[in-house]
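# Examination of the molecular architecture
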Amino acid sequence: MISIAVIGTGYVGLVTAVCFAEKDFKVICVDKDKCKIDNLSNGIMPIYENGLKEMCESNYQRKKIFFTTDIKYAIENTDVIFIAVGTPSLNSGEADLSQVIEVANEIKEYINNYKVIVNKSTVPVGTQKIVKSIMKTNKNNINFDVVSNPEFLKEGTAINDTLNAERIVIGCDSYKSEEYMRRIYERFDSEKLVVSAETAEMIKYASNVFLALKVTYINEIANICELTGANVIDVAKGMGLDSRISGKFLNAGVGFGGACFPKDVLAIYSLAKSVGYEFKLSKAVLEVNEKQKLKPYEKLMEVMNNNLKGKTIAVLGLAFKPGTDDMRGAPSIIIINKLLEKGAKVKAYDPEAIKNAKKIFGSRIGFYTEVYETIKYADAIIILTEWNEIKFMNLEEALTLVKNKLIIDGRNCIDSVNAMKLGYYYLGIGVPDSSYDNILSKEVAVDYD
Ligand code: UDX
């Protein structure tokens, strides 16, 4: 049976490795970080991801997954090696390939028989060729293939996205490596698409940037809705009924964050530029998104007459989206920094991201693990992540705790009609805020008798 090594135990690497183990492959997981490897061997996950810990532990007990810092051992004892290391943005916006190149050099050093080397990390078009050219210099002239196999998992649903992927893209240039990849993925009941390596690399960027564009598009529509009195929630519903458009990724809000969208939008701009093409849309997406992140802050400033000095602001939700503890690119960072700059006191709630948020804000803000404690004595509530605990908070109970009945909902996620009925001043994104009568998006019973 094919044995697998996964190099890099970040989000993609760890989830991929655990899912291969779940599919009964023997998987060796490698990371340079000894502490991470020790923790993983003891069932301590470096990230919060629904179902990951349990699946990892059960496969560790079944001896299907191993964790080591010994990359030589992993390379020598496996057939297919997945590279899943980070490719962060350089100052220039380009993806930093140094970790990929470092791993490729190590594989070249320790290769002992035919291997399929698979790029799982999101890498610019042309990276398969770079890895190939490194591998070609291996001293014993051992045969190998390099494949591009991008990952499309979403944080929060990563396990399901991997085990039940909508598509598996395999970019390769030899029948032998295609056969290996098909044998691995025959255990996954997903649509498989075999293309050239360059095409696979481009599919990944084109997909992520398109989704970022879709979110940005609806955010711009939301901004126009605010100026015209239309309701973006209903607009998105109306658009989504057209199956060519689909309603997914049409939730207007405070802008996208995360580890992928911001980095990939930037990287595709640099990639295009490097081949003499200006990808204007991708640049616009980033500019609009950065502005969008400030929307709740701007709304608050307007209501508070530009004076936040000494005001207590409850920020509900810190992670860039629900279901994760990831703070990378989270709108909460830029908003909280602005609030602090203006002299406000910030009380922040998140069910999972507090540990990571503490690394960013330290003792500059108060952290709470309970919504109602957070909103006590608040002059305003700002919602930044649509966790269920926030979406379905008891607004009546909240009334007895807050100082001001002001809610700025950066995710349009709470029951705005109820909030207004209860007397809150409710401000969403792209929805009319002036009065209850203006909100058409909720089921308003109409009696035609
Ligand atoms: C994304 C891609 O979806 C995934 O395929 C890729 O492998 C990694 O990058 P992820 O970053 O986990 O996944 O998050 P995703 O669920 O795509 O959301 C990205 C951002 O867009 C979040 O900040 C989210 O809040 C925002 N978003 C998403 C919206 O604002 N509105 C929407 O309708 C959808």
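Above this text sits the structure in question.
First, a word on what this report is: a plain description of the structure on this page. (Residues numbered from 1 in each chain as written. Predicted model: local features only at pLDDT ≥ 70, side-chain atom pairs only at ≥ 80, totals over all residues. Heavy atoms only, no water.)

Right, let's get into the nonpolar core. Core analysis: the biggest nonpolar cluster contains 66 residues, and Leu-300, Leu-316, Leu-318, Leu-339, Ile-375 and Ile-383 have the highest contact counts within it. Contacts of Leu-300, omitting those with residues within four sequence positions, involve Leu-308, Ile-313, Leu-339, Ala-380, Ile-382, Leu-406 and Ile-408. Counting residues in hydrophobic clusters, the runner-up holds 43 residues, among them Ile-2, Cys-19, Met-55 and Ala-158. (Core = buried A, V, L, I, M, F, W, Y, C linked by side-chain atoms within 4.5 Å. Buried < 20%, exposed > 50% of the residue type's maximum accessible area, 1.4 Å probe, protein only. Contact = heavy atoms within 4.5 Å.)

Let's shift gears to the site of the ligand. In the region of the ligand, 18 residues are neighbours, and Phe-152, Leu-153, Glu-155, Asn-251 and Lys-321 sit closest. Asn-251 is positioned with one of its backbone polar atoms (N or O) 2.9 Å from an oxygen atom of the ligand. Surface burial for the ligand is 92%, taken as the share of its 670 Å² of free accessible area covered by protein chains. For the shell around the ligand, the element with the highest residue contribution is helix α9 (residues 197–228), accounting for three residues. By residue class, the composition of the shell around the ligand is nine nonpolar, three polar and six charged. (Near = heavy atom within 4 Å. Polar contact = N/O pair within 3.5 Å; in protein donor to acceptor, adjacent residues only side chain to side chain. Areas by Shrake-Rupley, 256 points an atom, 1.4 Å probe, with all protein chains shown as cover. Helix = DSSP H or I, 4+ residues; strand = E, 2+ residues; numbered from the N terminus. Nonpolar A, V, L, I, M, F, W, Y, C, P; charged D, E, K, R; others polar.)

Taken as a whole, the second largest pocket encloses approximately 280 Å³ of empty space. Forming the boundary of the second largest pocket are 16 residues, of which Gly-8, Asp-31, Lys-32, Val-85 and Gln-99 lie nearest the centre. With four residues, the single largest contributor to the lining of the second largest pocket is helix α5 (residues 98–110). A per-class count over the lining of the second largest pocket returns five nonpolar, six polar and five charged. (1 Å grid on protein atoms, 1.4 Å probe; cavity = no way out; pocket = protein on both sides within 12 Å on 5 of 7 lines; lining within 4 Å. Points joined across faces, edges and corners; volume = space filled by probe spheres on them.)

Between two packed helices, both the angle of their axes relative to each other and the distance between the axes serve to describe the pair. At a closest axis distance of 9 Å, the pairing of α9 and helix α11 (residues 261–274) adopts a crossing angle of 120°. Overall, the two elements α9 and α11 adopt an arrangement that is oblique. In this structure, the crossing between α9 and α11 has a hand that is left-handed. Contacts between α9 and α11 pair Met-202, Lys-204, Tyr-205, Asn-208, Val-209, Leu-211 and Ala-212 from the former with Phe-261, Asp-264, Val-265, Ala-267, Ile-268 and Leu-271 from the latter. (Axes fitted to C-alpha atoms, helices over the stretch in contact; angles between N-to-C directions. Parallel < 35°, antiparallel > 145°, perpendicular 65-115°, else oblique. Left-handed = near helix turned anticlockwise from the far one by under 90°.)

Glancing now at the environment of Lys-204. Mapped onto the elements, Lys-204 comes out in helix α9. The buried category is assigned to Lys-204, whose relative accessible area is 6%. Taking the C-alpha atoms as reference points, Lys-204 and Pro-124, separated by 80 residues in sequence, lie 9.3 Å from one another. Leave out the neighbours within four places in its chain, and Lys-204 touches Thr-122, Pro-150, Glu-151, Phe-152 and Asp-264.

Moving on: unusual backbone geometry. One non-glycine residue with positive phi stands out, namely Asn-141, at about 55°. Mapped onto the fold, Asn-141 is located in the loop between α6 (127–135) and β6 (144–148). A relative accessible area of 66% means that Asn-141 is categorised as exposed. Phi at Asn-305 takes a positive value of approximately 50°, unusual for a residue other than glycine. Tracing the sequence through the fold places Asn-305 in the loop between α13 (295–303) and β9 (312–316).

Where burial is concerned, the two faces of strand β13 (residues 406–409) agree: the one with Leu-406 and Ile-408 and the one with Ile-407 and Asp-409 are both buried. Examined bridge by bridge, strand β12 (residues 380–383) and β13 share three bridges and lie parallel to one another. Of the residues in β13, the one forming a bridge with Ile-381 is Ile-407. The pairing of β13 with strand β14 (residues 425–427) spans three bridges and is classified as parallel. Bridged to Ile-408 within β14 is Leu-427. Taken together, β13, helix α19 (residues 416–421) and β14 form a β-α-β motif whose crossover is right-handed. (Pairing = 2+ DSSP bridges. Right-handed = clockwise from strand over helix to strand, strands pointing away.)

Our focus in this paragraph is the packing of α5 against α6. Following both chains from N to C, one finds α5 and α6 inclined at 35°, their axes separated by 9 Å at the closest point. As for how α5 packs across α6, the hand of that crossing is right-handed. Contact residues: α5 offers Val-100, Ile-101, Ala-104, Asn-105, Ile-107 and Lys-108, while α6 offers Thr-127, Ile-130, Val-131, Ile-134 and Met-135. Residue composition of the contact of α5 with α6, by class: eight nonpolar, two polar and one charged.

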